[in-house]
Amino acid sequence: MKKHNFSAGPCILPQEVLKKASDAILNFNNLNLSLIEISHRSKDFVEVMENARSLVKELLNLPEGYSVLFLQGGASLEFLMSAYNLLKVDGKAAYLDTGTWSSKAIKEAKKLGEIELVASSKDKGYNYIPKNYEVPSNTDFFHCTSNNTIFGTQIKSFPKTDSLLVCDMSSDIFSRQLDFSKFDLIYAGAQKNMGPAGTTLVIVKDEILGKTGRDIPSMLDYQVHISKDSMFNTPSVYAVYVSMLTLEWLKNLGGIPEIEKINEAKAALLYAEIDRNPLFKGYANKEDRSLMNVTFNLTDEAHKETFDKIWNAAGIVGIKGHRSVGGYRASIYNAMPIESVQVLVDAMQEFEKQIS
């Protein structure tokens, strides 16, 4: 590994996936053609799309009745698209505000109808996940963001609700075991745990669609995309292919149960050093800490230059914190090896030696 890449996204991908993906750019399936110059309706790419969708269902253990789509526009488009497909005319939806991305989702949904904010952690800089809130039963759906990349928090327990359960899982999908059948709609940008930027995974329960009373524009209508097998328009061919390779890598590793163990070990290693080392302090409440995005600050900013030199010299990149939080953010997605986390821990310990 040339660098230890802790970037929040686009982020690290498995080395074997990058190798296969680079080979496909030059010669895909021994066609003597590049993957990115073949027809998306050719047999070779249709097999890629079908395999990718099948792997999603298998890895998430989805029951019958769900459709899997690979769309474009990122989670940012899904903020609007999910509301367009589920919020009834004159209806109401409930939202949980846990950070920047949930706030953006709320802003977009308000363009279509009444939005009830059930709880927010904005009062403390989004450093915790709200608890003990109630989801009104008269809402069309409840929307939450499972993992908050900027602030380093993660929902550990999802509420029981009579409304449809919608979740933006962009930054932690495929990273931990959940009962995914409890969700009616899941969406996730690929560029964290699944592939390169350019495609967005959407998982939707078929029976919930077509009930809003809205005239939905074709490009925003899940039913249109389902009817065309994710090819209503030209899909993001390369991003879907690399996502398929990453899902195959995850399956061969042992699936979500195995990667969850690895992710827990990586997070435990890094959080233990943050809590032990007097030169650092964690940003998120301990009970709500993310397994994917570890946020922390220096206890004395006067030493920032010294620490920055140490981690740069160790070949570490991508740990600068978001401007709204400051400090540092180490994103330890599925493909991040624990050896790289150890390099960061070693850098933190070297920092302590130099300052002491």
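The structure presented is a predicted model; accordingly, all values stated were derived computationally and were not measured.

A. Region of the structure containing empty space enclosed by the protein. The tally for this structure, following the rule as stated, stands at two cavities of 30 Å³ or more. Space inside the largest cavity adds up to approximately 50 Å³. Secondary-structure elements contributing two or more residues to the lining of the largest cavity are α1 (15-26) and α6 (237-253). Of all the elements, α6 adds the most residues to the lining of the largest cavity, at four residues. Approximately 40 Å³ is the volume found for the second largest cavity. Lining of the second largest cavity is provided by S146, F158, M169, D172, I173, F174, S175, R176, L178 and F180.

B. The arrangement of the sheet that holds strand β11 (residues 280-282) in detail. Taken together, the three strands give an open sheet; going across it, the order is β11-β12-β14, and neighbouring strands pair in antiparallel fashion. For this open sheet the edge positions go to β11 and β14 (328-331), each flanked by a neighbour on one side alone. Averaged over all neighbouring strand pairs, the angle between strand axes comes to 35°, with direction disregarded. The pairing of strand β12 (residues 293-298) with β14 spans four bridges and is antiparallel. Paired with V294 across the strands is A330, a residue of β14.

C. The nonpolar core, seen in detail. F174 and I203 are the most contacted members of the largest nonpolar core, which has 55 residues in total. Here the element with the most residues in this core is α6; it accounts for nine residues. Not counting chain neighbours up to four residues away, the residues in contact with I203 comprise V56, L60, L62, Y66, S67, V68, I173, D184, L185 and I186. Counting 32 residues, the second largest nonpolar core, distinct from the first, contains F6, C11, L291 and Y333.

D. Expanded view of a positive patch on the surface. A surface patch of positive charge is lined by K104, K107, K111 and R323. Tracing the sequence through the fold places K107 in helix α4 (residues 100-109).

E. Focus on the pairing of strand β5 (residues 141-145). Taken across its five residues, β5 has five buried, putting it largely inside the fold. What you see with β5 is no split at all: F141, H143 and T145 on one side and F142 and C144 on the other are buried throughout. The pairing of strand β3 (residues 92-97) with β5 spans two bridges and is classified as parallel. Each residue of the ladder has a partner; that of A94, found in β5, is F142. Bridge analysis of β5 against strand β8 (residues 164-168) gives five bridges, and the strand direction is parallel. Each residue of the ladder has a partner; that of F141, found in β8, is L164.

F. Summary view of the side chain of T145. One can find T145 in strand β5. Setting aside residues no more than four positions away along its own chain, T145 makes contact with T98, S102, I155, C167 and D168.

G. Geometry of the side chain of H322. Looking at where H322 falls in the secondary structure, it is placed in the loop between β13 (316-317) and β14. Only 2.8 Å separates the side chain of H322 from the side chain of S324, close enough to count as a polar contact.

H. Representation of the environment of N5 within the structure. Relative to the elements of secondary structure, N5 occurs in strand β1 (residues 4-5). The spatial distance from the C-alpha of N5 to the C-alpha of A330 is 8.8 Å, given a sequence separation of 325 residues. Beyond its immediate sequence surroundings of up to four residues, N5 is in contact with C11, I12, V317, S331 and M336. At 3.0 Å, the side chain of N5 forms a polar contact with the backbone nitrogen of S7.

I. Structural view of the layout of surface pockets. When its volume is computed, the largest pocket comes out at roughly 310 Å³. Lining the largest pocket we find 19 residues, and of these W101, T149, S170, Q191 and K192 sit closest to its centre. Among the elements that line the lining of the largest pocket, the one with the most residues is helix α3 (residues 74-86), at four residues.

Calculation criteria
- Residues numbered from 1 in each chain as written.
- Predicted model: local features only at pLDDT ≥ 70, side-chain atom pairs only at ≥ 80, totals over all residues.
- Heavy atoms only, no water.
- 1 Å grid on protein atoms, 1.4 Å probe; cavity = no way out; pocket = protein on both sides within 12 Å on 5 of 7 lines; lining within 4 Å.
- Points joined across faces, edges and corners; volume = space filled by probe spheres on them.
- Helix = DSSP H or I, 4+ residues; strand = E, 2+ residues; numbered from the N terminus.
- Pairing = 2+ DSSP bridges.
- Axes fitted to C-alpha atoms, helices over the stretch in contact; angles between N-to-C directions.
- Core = buried A, V, L, I, M, F, W, Y, C linked by side-chain atoms within 4.5 Å.
- Buried < 20%, exposed > 50% of the residue type's maximum accessible area, 1.4 Å probe, protein only.
- Contact = heavy atoms within 4.5 Å.
- Patch = residues over 30% accessible without salt bridge, like charges linked within 9 Å, V, L, I, M, F, W, Y side chains within 5 Å.
- Areas by Shrake-Rupley, 256 points an atom, 1.4 Å probe, with all protein chains shown as cover.
- Salt bridge = Lys/Arg side-chain N within 4 Å of Asp/Glu carboxyl O.
- Lys, Arg positive; Asp, Glu negative; His and termini not counted.
- Charge placed at Lys NZ, Arg CZ, Asp CG, Glu CD.
- Polar contact = N/O pair within 3.5 Å; in protein donor to acceptor, adjacent residues only side chain to side chain.

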